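Structural overview
Here's the letter readout for the chains.
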Amino acid sequence: MSNLKYSYYPGCSLHASATEYDISTREVCTALGIELQEIPDWICCGATPAHNVDELLSLSLSAKNLELAEQVPGDMAVSCASCFSRLKFTQHILGKSETKLKLVEKAIDGPVHLERRVKHLLEILARDYGLDKLAADVRKPLSDITVACYYGCLLTRPTDVPNLDCTEAPTIMESIVETVGGTTVPWTHRLECCGANFTLSRPPVVQQLSNAVLESAKNAGADCIVVACPLCHGNLDIRQKEIESIYGSSYGLPIFYITQLVGLALGIPPERLGLDSLCVSPQNLLKEKKLIQGA
Amino acid sequence: MKKKKMHISQETMDVEMVRKVEQLSGTSVRRCFQCGKCSAGCPMATFMDHPPNRIVRLLQLGQWQRILAGRSIWYCVSCETCSTRCPNQVHLASIMDALRKLSWDQDGPSKESYVQLANKLFLQNIRTYGRQYELRLAAVFNVKSGQFLKDMMLGPKLFAKGKLKVFHQKNKNISEVEKIFSRIDEMRRKGEAL
């Protein structure tokens, strides 16, 4: 148990297509005694489309969220890699440029709060809560399960902005998975892009890039992939079947959110971790590894 | 493929635009010495007509229209690999953002309209609902891009998995979001912001 308290920013995906990430985030935090209080009436951060064509809008939306976060005490906890990236970028850019800061203040008609610390759930688990404590909380170690940890783009890149871990050789996700008893594999594509938001406008690009990620994980001998980003999850999980049929391959790799795997290890009942929402069913794998009941 | 010769002339030079790109992106294109690390690591370089390092070179030469006429900026996926690996702190991902913004404003000759359409609908949804509304985003995109059946097979599966919400998310700050959009519009009309 701990006395950690955060203001929680789930982001749009976690209230829609990545609902299992939201559910499992809350379950894991409750189990560890980490208090998450959702920021009332938070707004969309604008994600990639906003900064792609309108930086001022993107900065203003995130600045508004930082202002809304003032209602809730504590560092800001974010599970989505994209929201996390946008909030950190906003603090970084506005901290450097007085001109942009003035424009954003005018756009949101109020002061910009740059001092609040924005933290991704990975660093809350690994650093604020701590790996030693997490190890002591494990009830069902993920023994025999081989995991490929997939970072994708926005958790670590670029240098100086997210400051979550090393840009070229991060280890934070592996350290969490190993703490809860899993085995991790080295593999080539853990930092490569999955195609991200091109899933709407250019599915063939996503299929090509995500196929390379899946192929690399499979070749490395992984049983499953673990992610901490709703877009990576959508591309690798929802599109996996069609990728298999296009490329004539058979991966069958369940894609877990990090909180789902940690939740299983903490002994949280599987039905409370949103495992049913995964398109590539993890049932066989989890039964085989004796992590869930079944024949 | 026939190799096209690239003609660069002073007439097509637009230094003013390059200054705008530098101002918006907060990075200097003059720092680039063409090592090519950005293009080597770019997952989208194979889809582009001008690879990332050439985009910077064209900017150094003021050849703004040539970039706009190509498709590269609409194939950049914002993975930030280029910015991360640049030895000279050229923030190329931000340069791409600035280029897209300027192209967007000019409604430039880009033929890559699907990405523009997706971005536009995404922002419209935020303005209307305060948060993203995925079902509407996908449905309107399919209608407007004329691909009625695109990803149709995914729909029922996502519904069954509880991933596709029928209604948009409730949010008391919708009017605040609209105000942010209109204040920015107003600032641009007055010439206070780019």
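Given the structure is predicted, the values throughout are model-derived calculations rather than measurements. (Residues numbered from 1 in each chain as written. Chains lettered and ligands numbered in written order. Predicted model: local features only at pLDDT ≥ 70, side-chain atom pairs only at ≥ 80, totals over all residues.)

**Side note on the overall build of chain B**
Check the secondary structure of chain B and you find 10 helices and 0 strands. When its helices and strands are written in sequence order, chain B yields α-α-α-α-α-α-α-α-α-α. When its C-alpha atoms are laid out on the principal axes, chain B stretches across 55 × 45 × 30 Å. When each of the 194 residues of chain B is scored for burial, the buried share is 39%. (Helix = DSSP H or I, 4+ residues; strand = E, 2+ residues; numbered from the N terminus. Buried ≥ 20, exposed ≤ 12 C-beta atoms within 10 Å, placed from the backbone.)

**Considering the domain arrangement of chain A**
Residues and elements named next belong to chain A. Under the domain assignment, chain A is made up of domain 1 (5-120) and domain 2 (139-288). A separation of 23 Å is found between the C-alpha centroids of domain 1 and domain 2. On the side of domain 2, 26 residues touch domain 1, which itself brings 24 residues to the contact. For the side of domain 1 that touches domain 2, the secondary-structure elements that each account for two or more residues are helix H1 (19-32), helix H2 (47-53) and helix H4 (81-96). Looking at which element gives the most residues to the side of domain 1 that touches domain 2, the answer is H1, with 9 residues. In the side of domain 1 that touches domain 2, the residues fall into 11 nonpolar, 10 polar and 3 charged. (Domains from an automatic or database assignment. Contact = placed C-beta atoms within 7 Å. Nonpolar A, V, L, I, M, F, W, Y, C, P; charged D, E, K, R; others polar.)

**Topic: the sheet that holds strand S7 (residues 224-227) of chain A**
Residues and elements named next belong to chain A. One open sheet accounts for 4 strands, arranged S6-S5-S7-S8; its pairing is parallel. The sheet terminates laterally at strand S6 (183-184) and strand S8 (255-257), the two strands that pair on one side only. Bridge count between strand S5 (residues 146-149) and S7: 3 bridges; the pairing is parallel. Residue pairing in the sheet places Val147 in a bridge with Cys224 of S7. Against the sheet, helix H12 (residues 258-265) engages S7 and S8, with an angle of about 80 degrees to S8. (Pairing = 2+ DSSP bridges. Axes fitted to C-alpha atoms, helices over the stretch in contact; angles between N-to-C directions.)

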